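# Coordinate analysis (summary)
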Amino acid sequence: MAGIARYNGKNNWEEWREEWKGEDRYNFRTIEKKWQKICEDEKAYKVDIDHQKEKFYVLVEFPYPSGAGLHVGHPRSYTALDVVARKKRMQGLNVLYPMGFDAFGLPAENYAIKTGVHPAVSTKANIENFTRQLKSLGFSFDWDRCFNTCDPEYYKWTQWMFIQFWKHGLAYKDKMAINWCPSCKVGLANEEVVNGHCERCGAEVVRKNKEQWMLAITKYADRLIDDLQKVDFIDRVKSTQVNWIGRSEGAELEFELCDENGQPLAQKMVVYTTRPDTIFGATYCVMAPEHELVAQLADRFENAAEVKQYVENAAKKSELQRTSDTAKTGVELKGVKAKNPFNGQLLPVFISDYVLTGYGTGAIMAVPAHDQRDYDFAKVFGLPIVQVLDGGDISQQAWEEDGVHINSGFMDGMDKKQAMTAAIHYAEEHGFGRAKVNFKLRDWVFSRQRYWGEPIPMVYCPHCGWQPVPEDQLPLRLPDVPDYRPNDNGESPLANATEWLKTTCPKCGGEARRETDVMPNWAGSSWYFLRYCDPHNDKEFASQEALDYWMNVEWYNGGMEHTTLHLLYSRFWHKFLYDCGYVSQPEPYQKRTSHGMILASDGEKMSKSRGNVVNPDDIVDNYGADTFRLYEMFIGPFDQVAMWSEESLNGVYRFVSRVYALFQKVYADAVMSDDDLRAMHKCILDVGERIDQMKFNTAVSSLMTYVNHLAGMEKIPAPMYETLLKLLAPFTPHLAEEMWARLGHQSLIVAETWPIGDPALAEEQMVTLGVQMNGKMRGTITVAKNATKEETQSVALQLDNVARQIEGKEVKKIIVVPGRIVNIVV
RNA sequence: GCGGAUAUGGUGAAAUUGGUAGACACGCCAGACUUAGGAUCUGGUGCCGCAAGGCAUAAGAGUUCGAGUCUCUUUAUCCGCACCA
């Protein structure tokens, strides 16, 4: 604490007040810089494993260090959890609150293509800028744990983990139709396609067949849903995850394919349905145009040319065209019929692009009476519509609700649930079907034909196939290349690094070639929270001791935009590490919350093109970090969108200045009335409770109420002001430290203990309660807190207003709720 | 279409979970003061009305002694997902 002592030589606040008398202006610029330096010199926020203390791991999403610098949205999340971290620290917990940088990504690479500046160079500069900005806001991060994902010492472990995936059969290479962005020249995960457009550049996404590395996230689909029960995520986040995974229960049923006369062919067609109970209403079947049977049976089609044409057209269509065009098209496969296994009926078979190749089996049985899409298709093609569930008006639209089964053989009279069970049972018994669960979630496309990412540590040997780079050779460093542009045949810029490409097979030693694709952005952020536990370890991604001590994350906050992608990927990744025994719990985050976006004052998203961007540097410079932080907490409910307002910001500045000015009225010998004591304890209780409940905006308003109380006093007793500073310390750390020092304290307020409020002392002795007649407010009375019902009632009846209105009426009933209300019913 | 929200003064919002609607701020109005600062301080400010009083939580119904809060219906806005059989 040498630094503090040097700064503060005095021991009592009377002396201090004398000394600071001349300074009535709140000079946040010097004050904030001074305390940032002291806290850094003192390593006030450094944490280590301490088994004597209970740990608390607070996490915020680390930023992508863009060239634009920090956005005012970042501090909303960072300040909120900084408040939580600081409070927990003052409550005696060992708090880990780290920060790092998610440094691989497209913008740096695109910038490199434009300017020729190596991504490593621009990224480094951006990280420096971000670090400066974050430090200027006074967050209590343990900066010793800072790292970034493009550092080989970090991505070494990302690569190592990829190899573990591969060893466990969860990473595989597959040729498949992927979403291809013709502008970025890169394959995209489903998650990166927004309305058929590239999430980054907005270009229309097309389908392209490419060999891609895949991670088998679908193997974890069930657990990713089920384990949500174990964690405390806000409902919004949980339901988004469940929705995205899209679990549905149904059945796979086999249909024999026949010729026109019912003579069976060699092939069978398997369909997936969630409504096996409606099978007696199936009047035709549909396969996706890409279905393998379509090619296999091509010779049999009487209208082969027409079929071929349709298949080719479908292949040409972009994902967007295919999904936005809801008008039903299709072609019947003439010469082929499907036999309904339940009743032997021969059904026509169509191909249509409303059936998707990647979901279920790529083939369906169509029940137009009870599925609106089938209904629409049947209307276009004039196909029969057979109702098998009672209800609705089938002449108008499909009936998709529950009902009593009719025309359904052995299922007649059953409701949906009974019939589902019966149908599946029947199919299993006769060996042509089984219950089946399907997911919307697809495996994770893990290759990017790009430069600025982690090289995938795999080697292709003509004799031995794909082999991982030996683990002792990691990190596999990203080589320099002359040209960052991906080429048109869809190969990564790494394909240009001819020397780097050539290698030997780790297995047979023969000539081999490296994988040229890199990993997607999401890779590095899928496990970064583990690295914070032990960031400088060069033997393991983190030591067992560190992981056992620090994991799980108690509270993770981030943007709503990351609840589908990042959250799902990192949960999956963590579960895999759990299965391998590296981490001891199946879920990484105990609690997940999301903050609302901050919009510009015009209600629009902040963007360069609109010119409505607020730069955090300007706010820090003009109002100070404390005002900035406090304003972001006061701006509105934490989980909802908020609009930036310079006027409100100024109001918070006034509050901060008032706290500073109150110092002039602090006296050691001032007396505290019951009323003062009550105000203090009420504030302690409110602020603590509201921080825990993420109601930061109302926590600030109770601080304001307390300050208004202090401002009304002639002399402020020192303990009352000290309490204010402690409660304020998580929000406005610089101001709190400054005033704390001016009161004569030799140590930092960060290290102080959080005050404890006494509910008994916070309670009012007299309560004011409303008096209603027939539920309408007629006045208020003030009675002692512990007044009996009878006392309260008699006081209420004496009210002028009440007495007047009661006259001539019969009082039927008087309801007295002590401490709340009196209601007189006449 | 499906899923999730949200709706309260001129504005951002509170409301101890069914008990005095509008805390705390912004803005505005009036006044005071000054070394003119990003000032500060005092008072006022939901709407109608001189007042007594009446009306007010998107709209409508219901439950209740009592509803911003619970139930049903409707509307609007925002965010996801979207031909997932």
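Please refer to the structure placed before this passage.
Attention here is on the structure that accompanies the text. (Residues numbered from 1 in each chain as written. Chains lettered and ligands numbered in written order. Predicted model: local features only at pLDDT ≥ 70, side-chain atom pairs only at ≥ 80, totals over all residues. Heavy atoms only, no water.)

### Looking at the sheet that holds strand S20 (residues 511-514)
Ordered by their spatial adjacency, four strands build an open sheet running S18-S17-S20-S19, and the pairing between neighbours is antiparallel. Each edge of the open sheet carries a strand with a single partner, namely strand S18 (465-468) and strand S19 (502-504). Between one strand axis and the next, the sheet turns through 40° on average, direction left out of account. As paired strands, S19 and S20 are joined by three bridges and run antiparallel to one another. Note that in S20 the partner of Thr503 across the bridge is Ala512. (Pairing = 2+ DSSP bridges. Helix = DSSP H or I, 4+ residues; strand = E, 2+ residues; numbered from the N terminus. Axes fitted to C-alpha atoms, helices over the stretch in contact; angles between N-to-C directions.)

### A closer look at the packing of aromatic side chains
As enumerated under the stated definition, the model contains 61 aromatic pairs in all. Above the ring of Tyr354, the side-chain terminus of Lys328 is found at 5.3 Å from the ring centroid. Lying over the aromatic face of Tyr667, Lys715 brings its terminal NZ or CZ to 4.6 Å of the ring centre. (Phe/Tyr/Trp six-rings, centres within 6.5 Å; stacked < 30°, edge-to-face > 60°. Lys NZ or Arg CZ within 6 Å of the ring centre and 35° of its normal.)

### Observations concerning the sheet that holds strand S16 (residues 444-445)
Judged by pairing direction, the sheet is antiparallel, and its four strands sit side by side in the order S4-S3-S7-S16 without closing on themselves. The sheet is open, and its two borders are formed by strand S4 (186-188) and S16, each paired with just one other strand. Pairing geometry for strand S3 (residues 171-181) and S4, over three bridges, is antiparallel. Across the sheet, residue Asn179 finds its bridge partner in S4, namely Leu188. Together, S3 and strand S7 (206-215) form the strand contacts of helix H7 (residues 152-167), whose direction differs from that of S7 by roughly 90°. (Contact = heavy atoms within 4.5 Å.)

### Here's the deal with unusual backbone geometry
Phi is mostly negative for residues that are not glycine, and the peptide bonds are mostly trans. The residue after Leu474, namely Pro475, is reached through a cis peptide bond having omega 0°. Secondary-structure assignment places Pro475 in the loop between S18 and helix H15 (498-501). Omega for the bond connecting Met551 with Asn552 falls within 30 degrees of zero, at 0°, which places this linkage in the cis form. Of note, Asn552 is situated in the loop between helix H18 (544-550) and strand S21 (555-559). One non-glycine residue with positive phi stands out, namely Lys43, at about 50°. Structurally, the position occupied by Lys43 is in the loop between helix H3 (28-41) and strand S1 (55-60). Overall, the relative accessible area of 45% leaves Lys43 in the partly exposed class. Phi is positive for Met694, which is not a glycine, with a value near 60°. You can see Met694 is positioned in the loop between helix H23 (674-692) and helix H24 (696-711). (Buried < 20%, exposed > 50% of the residue type's maximum accessible area, 1.4 Å probe, protein only.)

### Remarks on the pattern of salt bridges
Evaluated as defined, the whole model comprises 39 salt bridges. Residue Arg145 is joined to Asp142 by a salt bridge in which the shortest nitrogen-to-oxygen separation is 3.0 Å. Residue classification places Arg145 among the buried positions, given a relative accessible area of 7%. Taking the relative accessible area as the measure of exposure, Asp142 reaches 3% and is therefore buried. Each of Asp227, Lys230, Arg571, Lys575 and Glu587 takes part in salt bridges that share partners, so that together they form one network. (Salt bridge = Lys/Arg side-chain N within 4 Å of Asp/Glu carboxyl O.)

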